[in-house]
Amino acid sequence: MNKMNSYNDIDNENLEIAQKIKEESHQIPIKEPIAFEELLKEAETKQPKRTSVNFRRLTTIAACFVVAIGVGSSVFLFNSHKNQRRTLFSEKQAIATASDYDQIYNILKSNYLSLSPQSREDYGIRHSQNMIVEEDASFRETNDVSKSTVGSSSEAGYSNEEKDYSQTNVQTENIDEEDIIRTNGNYIFTLHQTSLMGITPKYTITISKVDREAVSTVSTIDLPINNIETFCGLYVYEDYLMTIGTTASEYYDTSKKAITGQTTVYTYNISDAEKPVLESTNIQDGYYISSRMKEQYLYTITSKMVFSGTVFSEEHFIPEINQKKISSSNIYLSDNGSANGFTVITGLDVTKSSDFSSVQSVLGNTEQIYASQNNLYVINNYEKQELSEPDKDEYFPKGSYRNSDEEDYAYDFIKEQYPNVNLDEVVQKRDKKQCHYTSIMDIVKFSYNKGTVKFVATTETEGNAENNLFFDEKDDYLRFVATNSSSRSLGYRYTFFDEKGKELYHYYDSISYTASEDKDSTTSVIVLDTSLKKVASINGLAYGEDLYAARYLGDYGYFVTFQQTDPLFTVDFSDMKHPKIASELKMPGYSSYLHFYKDNLLFGLGEEDYHGNDLLKLEMYDISENNAKQQGKLLIGTDSEYSDYSSDAISDYKALLIDLEKNLIGFSYTQRIYLGYCVDDYYNDSPTGCDPHSYTFYDLYTYQNQQFKRVLHIELSENENLGVFDEACVRGFYINNYFYVVDRDNGIYVVNLDTYKEGTKPVFHKF
């Protein structure tokens, strides 16, 4: 019986079917076992053995303390199923757990052997960079309108006074996400990074007690490094504080075996905030992708690679959890996952944190996750490659073009896989080809509850969804928007034959590459059912435009694309099997973030060009008739000549405070002022004197009478540690009627919202 179904009850009908199969099994002819080497030979003969691995061009954002690059490749079993895997797209695929470690090893080893030297080098480069963390946080979506969180007296260090306080802005209500600064209403917990001239960073957590305008540091936690390159954020649950550290790049153990990244969850008891105690340390293989917390259970998602440069980590190819290999019965072999590593998902009860309560793994990479109330969706974007005959007028170099590295590797591969072949008699053929790359997405669905994670389904679909916030779950359907794009390259297909004409190996070598063909870029709306089978789609939207934001509420979804104007699309999902575009609203600029406000309003935060300057744009849309209409708008910076404005809240929704009950919208932003006409020279390597001056502020707004009104304006200090201010390190909270702006690198600003007036200097407490 399939191990994947071992937890299900077997009904009478299944028993009858099993009995019939048993009775008739003697009539089924059984083939002799095929050796692994023969399988490789067969794959060489029937399928393209290797094509150049092309990585997607990704938009990077500031998350944790480093910029993250997802690992999305187009490598599959034998690196050849891109064109011949099953019928495309979105059909539920057979998936099973591995029978043993050897089965997993053979898949990974054969895939590794099929990589070219350049592809191996690409893996090494990507793996050694800051390949960490959280999905792009440019947009936000949830099924329900967010509400401010009211603290409970059971939380750490709480006094008898119940406090009303704001919490981290998250995608899905009641599903928490890590952040660098947290509060429980009585304490503020701040994760710091300090470094000097590139020296190994030091990480600390400062616990600050807050009581109205009084702020005092009561304790500091020095976090252990232990090969950890960065800490990615904090969680607070009752008497427990959790932080997650990760190692992104490759390192070697004492036996010089390659190990490709680990992630560690540290759990501290903070029932006495002045004396925090480390309760547990739990380690899982793989660099950190993301995490979510539901009730007292923390779920951590990592990606473990086994290819790094020229290294195939043979001794460490199975992921480990607290130094124990994951059982093969917990590793799923998905046909639609890239097989150069593993995705690992763990569950941890933070109140009983001595060990993980659950672990699941799937063979294949992960770039991001979307977490609904009951399911985790593991998402990986890549490019499908298809070779075709080139157009007659396409340019190819004259003469004998050859790539010696690729050719040498081909002969090395043939020698290893076909030791009886005489290399002197190998014949090489070259054909001109063009390669088309199209965007594809893999989705694997897991249920999660009470610390337990279970596999549900997997699929492949067209398009790329660059971040988790394009996704939403409604009535067990998964709805999302995706970008369909294409690009191409010109090159040569090299085929190698033995003396009898048998094909031994072939590869495609690109000699020119055309970036994404914007004229072919479109947006799609896709709906999948509970088993991830596609039930509906709307294709060909927003021709030639980029997808920026998405948001869903009830029967309606809204998404923003941009090229010259800002189309805000409204999608009617009242019939999930037949969605339709209800309206399209076009305006200048774009919104990168959408948030449902009260009274049938939709808030948008983005940018707009204003007389050649980039300004921040706040917009409010009336969606009462399910047809978005602009109601209010504010541009920040119209009174500042030669200035550009930017905000981390545009790319990271956790940097944004939105509270509906108190009618508050808060975020930090930076103004860069170019003196005189130096703005033109500045982009042409102008003298130092033309460098811009930067100032960073935190603003708080209300919205009433169809207008945005600023109620708080604080100029923040320059970053004393790095010399350059980073607004990504700022968060704003309210606790009762006091507002706290936390600059991670300097200190905490406090104002009384009841008495504050524009120009009032806030109380400042330095860390």
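In this convention, every chain numbers its residues from 1, walking through the sequence in written order. Local features in this predicted model are restricted to residues whose pLDDT is 70 or higher, and side-chain atom pairs enter the listing and the counts only when it is 80 or higher, whereas totals over whole chains, interfaces and linings include all residues. Think of the side-chain values as coming from all heavy atoms in the structure, minus any hydrogens and water.

Draft legend 1. Focus on the overall build of the protein chain. Every helix listed is a DSSP run of H or I at least four residues long, and every strand listed is a run of E at least two residues long, numbered separately from the N terminus. Broken down by element type, the protein chain carries six helices and 50 strands. Here's how the labels work: a residue is buried when its accessible area is under 20% of the maximum for its type, exposed when over 50%, partly exposed in between, all with a 1.4 Å probe on protein chains only. Looking at the 767 residues of the protein chain, the share that counts as buried comes to 58%. It only takes one pair of heavy atoms within 4.5 Å for two residues to be counted as in contact. For the protein chain, the proportion of contacts with a sequence separation of at least 24, taken over those separated by at least 6, is 65%. For the protein chain, the exposed area adds up to about 32,000 Å²; of that, 46% sits on carbon and sulfur atoms. We get accessible surface area from the Shrake-Rupley algorithm with a probe of 1.4 Å; when it comes to residues, only the shown protein chains can shield them.

Draft legend 2. The arrangement of the environment of Asp475 in detail. Tracing the backbone through its elements, the reader meets Asp475 in the loop between strand E28 (471-474) and strand E29 (477-484). Residue classification places Asp475 among the exposed residues on the basis of a relative accessible area of 55%. Remark: the alpha-carbon pair of Asp475 and Thr530, spanning 55 residues in sequence, is separated by 8.9 Å. For this analysis, a polar contact is any N or O atom pair within 3.5 Å, provided that within protein one partner can donate a hydrogen and the other can accept it, and provided that sequence-adjacent residues contribute only side-chain to side-chain pairs. Polar contacts involving the side chain of Asp475 include one to the side chain of Lys474, which spans 2.9 Å.

Draft legend 3. Here's a closer look at the packing of aromatic side chains. For Phe, Tyr and Trp, where Trp contributes only its six-membered ring, two rings pair if their centres lie within 6.5 Å, and the inter-plane angle classes them as stacked under 30 degrees, edge-to-face over 60, or tilted in between. Applying the stated rule across the entire model yields 31 aromatic pairs. Taking 6.1 Å as the distance between ring centres and 20° as the angle between the ring planes, the aromatic pair formed by Phe667 and Tyr701 counts as stacked. Of this pair, Phe667 sits in strand E44 (residues 664-673) while Tyr701 sits in strand E45 (residues 693-704), and the two are 34 residues apart along the sequence. Residue Tyr701 is classed as buried on the basis of its relative accessible area of 3%. Put simply, the rings of Tyr409, Tyr411, Phe413, Tyr492, Tyr494, Phe496, Tyr505 and Tyr507 pair up and form one aromatic cluster. Placement of a charge over a ring requires the Lys NZ or Arg CZ to be within 6 Å of the ring centre, with the centre-to-atom vector within 35 degrees of the ring normal. Directly above the aromatic system of Phe573 lies the positively charged group of Arg479, at a separation of 4.9 Å from the ring centroid. When the ring centre of Tyr734 is taken as reference, the NZ or CZ atom of Lys662 above it lies at 4.9 Å.

Draft legend 4. Seen up close, the sheet that holds E28. Pairing between strands requires that DSSP locate at least two bridges from one strand to the other. Taken in spatial order, the four strands of this open sheet run E28-E29-E32-E33, and their pairing is antiparallel. The open sheet has two free edges, formed respectively by E28 and strand E33 (534-541), since each of these has just one partner strand. If you compare each strand with its neighbour and ignore which way they point, the axes differ by 15° on average. Where E28 and E29 come together, four bridges link them in antiparallel fashion. In the strand pairing of E29, Glu473 is matched with Leu478. For helices, the fitted axis covers only the stretch in contact; all axes are lines through C-alpha atoms, and the angles between them, taken along N-to-C directions, range from 0 to 180 degrees.

Draft legend 5. Representation of the environment of Arg493 within the structure. Within the fold, Arg493 resides in strand E30 (residues 486-497). Measuring from C-alpha to C-alpha, the distance between Arg493 and Cys435 comes to 9.9 Å, with 58 residues separating the pair along the chain. Once residues lying within four places of it in the same chain are set aside, the contact partners of Arg493 are Leu387, Lys429, Arg430, Asp431, Lys433, Glu503, His506, Tyr507 and Tyr508. Within polar-contact distance, the side chain of Arg493 engages the side chain of Thr495 at 2.7 Å.

Draft legend 6. Structural detail: the pattern of salt bridges. Every case where a carboxyl oxygen of Asp or Glu lies within 4 Å of a side-chain nitrogen of Lys or Arg is listed as a salt bridge. On inspection of all chains with the given rule, the structure shows 21 salt bridges. Two residues, Asp211 and Arg212, come together in a salt bridge whose shortest N-O distance is 2.9 Å. One salt bridge connects Lys304 with Asp285, and the closest N-O pair in it is separated by 3.6 Å. Here Lys304, found in strand E16 (residues 297-305), pairs with Asp285, found in strand E14 (residues 277-285); they are 19 residues apart in sequence, far enough to count as distant. A network of salt bridges, in which partner residues are shared, links Asp179, Asp652 and Arg731.

Draft legend 7. Fine view of the nonpolar core. Ranked by size, the top nonpolar core spans 31 residues in total, and within it Ile443, Phe471, Leu478, Phe480 and Phe559 carry the most contacts. Top element by residues in this core is E29. It accounts for five residues. By nonpolar core we mean a set of buried residues, namely Ala, Val, Leu, Ile, Met, Phe, Trp, Tyr and Cys, connected to one another through side-chain atoms within 4.5 Å.

Draft legend 8. Structural view of the sheet that holds strand E47 (residues 730-735). In spatial order, the strands read E47-E48-E49-E50; together these four strands make up an open sheet with antiparallel pairing. Every interior strand has two partners, whereas the edge strands, E47 and strand E50 (763-766), have only one. For this sheet the average axis-to-axis angle between neighbouring strands, irrespective of direction, equals 20°. Here strand E48 (residues 738-743) runs beside strand E49 (residues 747-752); their pairing, made up of six bridges, is antiparallel. Its bridge partner being in E49, Tyr738 is matched across the sheet by Asn752.

Draft legend 9. Highlighting the pairing of strand E46 (residues 707-715). Examined bridge by bridge, E45 and E46 share eight bridges and lie antiparallel to one another. Each residue of the ladder has a partner; that of Leu700, found in E46, is Leu712. What sits between the antiparallel neighbours E45 and E46 is a turn of two residues, in which Asn705 has the positive phi angle 55°.

Draft legend 10. Examining unusual backbone geometry more closely. Within the chain, Asn322 stands out as a residue other than glycine whose phi angle is a positive 50°. Among the structural elements, Asn322 can be located in the loop between strand E19 (320-321) and strand E20 (324-325).

Draft legend 11. Focus on helix H5 (residues 404-417). Between the first and last C-alpha of H5 there are 20 Å, a value that for 14 residues agrees with the 20 Å anticipated at 1.5 Å per step. Restricting attention to buried positions, one finds in H5 the residues Glu406, Glu407, Tyr409, Ala410, Phe413, Ile414 and Gln417. The buried residues of H5 occupy one face: seen down the axis, they fall within an arc of 160°. Exposed and facing more than 90 degrees away from the buried side of H5 are Asp405 and Lys415. Here H5 starts with a cap whose side-chain oxygen sits 3.2 Å from the backbone nitrogen of Glu406, and that cap is Asn403. Multiplying 1.5 Å by the helix residue count minus one yields the expected span of that helix. The arc in question is the one traced by the directions running from the helix axis out to the C-beta atoms.

Draft legend 12. Structural view of the side chain of Asn282. Secondary-structure assignment places Asn282 in strand E14. There is a polar contact of 3.0 Å between the side chain of Asn282 and the side chain of Asn322. In terms of polar contacts, Asn282 uses its side chain to reach the backbone carbonyl oxygen of Ser353, at 2.8 Å. Sequence-distant contacts of Asn282, that is, excluding residues within four places in its chain, are made with Thr263, Thr264, Val265, Asn322, Leu348, Ser353, Ser354, Asp355 and Phe356.

Draft legend 13. Broad picture of a negative patch on the surface. On the surface, a cluster of negative charge is made up of Asp405, Asp408, Asp412 and Glu416. When you line up the elements, Asp408 lands in helix H5. Patch definition: residues above 30% relative accessible area lacking any salt bridge, with like charges linked at up to 9 Å and the nonpolar side chains Val, Leu, Ile, Met, Phe, Trp and Tyr linked at up to 5 Å. Only four residue types enter the charge count, namely Lys and Arg as positive and Asp and Glu as negative; His and the chain termini do not. Every charge is mapped onto a representative atom, which is NZ of Lys, CZ of Arg, CG of Asp or CD of Glu.

Draft legend 14. Broad picture of the pairing of E16. E16 sits mainly inside the fold: nine of its nine residues count as buried. Of the two faces of E16, the one holding Tyr297, Tyr299, Ile301, Ser303 and Met305 and the one holding Leu298, Thr300, Thr302 and Lys304 are both buried throughout. Relative to E16, strand E15 (residues 287-294) runs antiparallel, the two being bridged by seven bridges. Counted as the bridge partner of Arg292 is Tyr299 from E16.

Draft legend 15. Region of interest: the confidence of the model for the protein chain. Confidence scores per residue from the predictor, reported as pLDDT, run from 0 to 100. Considering every residue of the protein chain, the mean pLDDT works out to 77; 71% of them sit at 70 or more. For the stretch residues 679-689, pLDDT sits under 50, and the model shows nine contacts to residues farther than four places along the chain or on other chains.

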